[in-house]
Amino acid sequence: MGYASPPEHWSQVVRDQPSLHRLNWKRLRCWRRSPDSLLFYIHKVVLCFFAELDGKGKVLCVLKGIGKFILLLGLLYLFVCSLDVLSSAFQLVGGKAAGDIFKDGSVLSNPVAGLVIGVLVTVMVQSSSTSTSIIVSMVASSLLTVDLAIPIIMGANIGTSVTNTVVALMQAGDRNEFRRAFAGATVHDFFNWLSVFVLLPIEVASGYLYHLTSKIVESFHLKSGESAPELLKVITDPFTKLIIQLDKSVISAIATGDKSASNKSLVKTWCQTKTSLITQNVTVLSPENCTSPDLCWPDGNSTWTLKNYSNTEYIKKCQHIFAGTTLYDSAVGLILLALSLLVLCSCLVLIVKLLNSVLKGQVASVIKKTLNTDFPFPFSWLTGYLAMLVGAGMTFIVQSSSVFTSAITPLVGIGVISIERAYPLTLGSNIGTTTTAILAALASPGSTLKYSLQIALCHFFFNISGIILWYPVPFMRLPIRLSKGLGNITAKYRWFAIFYLLLCFLLIPLLVFGLSMAGWPYLVGICGPLLAVLVVVIVINVLQAKRPRSLPQRLQSWDFLPKWMHSLKPWDNVITAVTSACGRYCCCCCKCCQAQDADLVAKEKPAKAMEGHDNPVSLADEENDRSADKTKQIDSSITAL
């Protein structure tokens, strides 16, 4: 595919203006020397830039480029490590509560309740692998069946997409970047939610995932293998293990009903232990309480038997910061949560600024065209599937779909990757994280191998089914259109992004979970009418956009309703007024705290104080009024034209 060359009249422009430097001729000759193809396009951009530099400038340019590349790698490393620490912080804050949620087996028998429990637990621990491991432990302990675990897996698939949505909030400073970044992040959310809305009823009615994976698992001769490869953790663990290490078996023990685990701390204190069995003589009430008739003997009025006890020998203490701390798990979790969010936001801001400084001008246009250009016509449909393979491969390398999708979100924000290209990359990331789970399942012990593999395969085929629904037919790529619409809304009303996160990942799951605890009649009686109203509103909206004449005159628009019911503008006014009032209150508090210092300064320099203490807010308001008046004049003149 060809690319546009510089205009032919450039040479005439340079001749007509002698003030232009002679190096413009070098650039023009470079442009004319290179053929019109992508590789030569990149080649000529670099060479033509170097042609304008002397020897010292070229060396400094190369060193600057190498320094930026090393800095980018360092920031990416800290970014990934902060995501790992963030997951540990969420597990410390809500891990035991997540285990308690899983304990109630009667609630888990409801597939809708299982779905929202999967969402809530994964949001709380910020790791779908952790929630999946809890489910595997419960299935292996016969506390949960595989068919009841499938809705929880679907919910975990939804909950893991909250991380890159939170990352997108860090680009809220620029409206255009925020529009693209939030749309690129929420395309993952919409894919997961739409897949669940379609596939969960089908699974409840037919059980196709359960029967398909059962046949596949039964056809294998399963043997436990070696540990699954952990490619990225080899690099990040040496750093993150100096900060915090967790004993994740505590959450699984709480979920399986071990009461003693509730008093244990998630913070790992001993990293190397040795457990051995010790046989001791103990007294029992009667011979019926003996472990075996052969190991039972009377001694006067007592009956003795042999019992085995496990003795744990602590060998090596952990070396992380919180080893042996006396703080509660929640306190440690909140400290790590604040620090990890600070590092995460700082790294993300610096990465965006660094990428903006590197990916600009001709280099940016080349990269955008390379990443977002399809194959030639007969094979253009293959481009998206190749992007899926790239997303799956990269996720397999980093061992986390959250890390990969969070890494491409800033690139979508600055416009390097389009949303249409980010969509198949995200779908491939979903496949990549399930292949990692399958490898981890194959390395499981013999007691949990069958269940862990079947659950991993359910996760895999759920994502495959979602891709079949929402990708091959261009008309069915609804997540792209929905995410773009949400991006436009959040760019105009930035508070709506926080509302969306709280609504979709906290309030709705909590509401459905509470109704599930109350019973099926309450769940169906309340959620049924709400879903019916939602479907009717969606259908009317589609008809208003596509075929308004097919609707009655009154329903062709929502103007007959109060404005707050069909527009976010009144809500925006309320929120703006509230935040402004809070801001004025905080400013008043700050002024009261600084009153004494201001009085001292006024006494020392009265004349200077009289001249220099104008109200900056009033001045700023005057400037804004002037600029607003100018804008109105320009708008009116344009309208008149």
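Residues numbered from 1 in each chain as written. Predicted model: local features only at pLDDT ≥ 70, side-chain atom pairs only at ≥ 80, totals over all residues. Heavy atoms only, no water.

*Asks:* Any details on the packing of aromatic side chains? Residues and values, ideally.
*Replies:* All told, the structure shown has 14 aromatic pairs when counted by the stated rule. Ring centres of F178 and F182 lie 5.5 Å apart, and the angle between their planes is 55°; this geometry places the pair in the tilted category. You can see F178 and its partner F182 sitting in helix α10 (residues 175-206), four residues apart, about one turn around the helix. We note that F178, like F182, is buried. Between W564 and W571, the aromatic rings sit 6.3 Å apart at their centres with planes inclined by 80°, giving edge-to-face as the arrangement. Members of the aromatic cluster, each reached through a chain of ring pairs, are F178, F182, Y500 and F505. The ring of Y471 has R477 sitting right over it, with the charged end atom 4.1 Å from the ring centre. (Phe/Tyr/Trp six-rings, centres within 6.5 Å; stacked < 30°, edge-to-face > 60°. Helix = DSSP H or I, 4+ residues; strand = E, 2+ residues; numbered from the N terminus. Buried < 20%, exposed > 50% of the residue type's maximum accessible area, 1.4 Å probe, protein only. Lys NZ or Arg CZ within 6 Å of the ring centre and 35° of its normal.)

*Asks:* Can you lay out the packing of α10 against helix α17 (residues 401-413) for me, pointing to particular residues and giving the numbers?
*Replies:* Close contact between α10 and α17 brings their axes to 7 Å; oriented N to C, the two are set at 145°. Between α10 and α17 the crossing geometry is right-handed. Taking contact as the criterion, the partners of N176, E177, R180, A181, G184, A185 and H188 in α10 are, on α17, T405, T409, V412 and G413. (Axes fitted to C-alpha atoms, helices over the stretch in contact; angles between N-to-C directions. Left-handed = near helix turned anticlockwise from the far one by under 90°. Contact = heavy atoms within 4.5 Å.)

*Asks:* Which residues make up the state of the cysteines, and what values do they have?
*Replies:* The tally for this structure, following the rule as stated, stands at one disulfide. Shown here is the disulfide that connects C271 with C318, its sulfur atoms set 1.9 Å apart. With the S-S bond torsion at 120°, the cross-link from C271 to C318 turns out right-handed. Of this pair, C271 sits in strand β1 (residues 270-284) while C318 sits in the loop between β3 (302-317) and α14 (329-358), and the two are 47 residues apart along the sequence. Taking the relative accessible area as the measure of exposure, C318 reaches 5% and is therefore buried. Sulfur of C347: no disulfide; nearest cysteine sulfur belongs to C81 and is 9.1 Å away. (Disulfide = S-S within 2.5 Å.)

*Asks:* So what's going on with helix α21 (residues 495-518)? Which residues, and what values?
*Replies:* Here α21 spans 33 Å end to end across 24 residues, near enough to the 34 Å set by a 1.5 Å rise per residue. L503 marks the point of greatest bend in α21, at about 45°. (Expected span 1.5 Å × (residues − 1). Bend = angle between axes of the 7 residues up to and from the residue.)

*Asks:* Pulling in residues and values, what's your account of the confidence of the model for the chain?
*Replies:* With 74% of its residues at a pLDDT of at least 70, the chain reaches an overall mean of 75. Ignoring residues within four places in sequence, the model shows residues 600-641, a span with pLDDT below 50, making two contacts including any to other chains. (pLDDT = per-residue confidence, 0-100.)

*Asks:* Explain the nonpolar core residue by residue, including any values.
*Replies:* Residues F79, L92, I135, L144, I244, L336 and Y423 are the most contacted members of the largest nonpolar core, which totals 84 residues. The element that contributes the greatest number of residues to this core is α14, accounting for ten residues. Not counting residues within four places of it along the chain, the set of residues in contact with L144 comprises L108, I135, M138, V139, A149 and I152. Within the second largest apolar cluster, 29 residues are counted, among which are A181, F190, W193 and F496. (Core = buried A, V, L, I, M, F, W, Y, C linked by side-chain atoms within 4.5 Å.)

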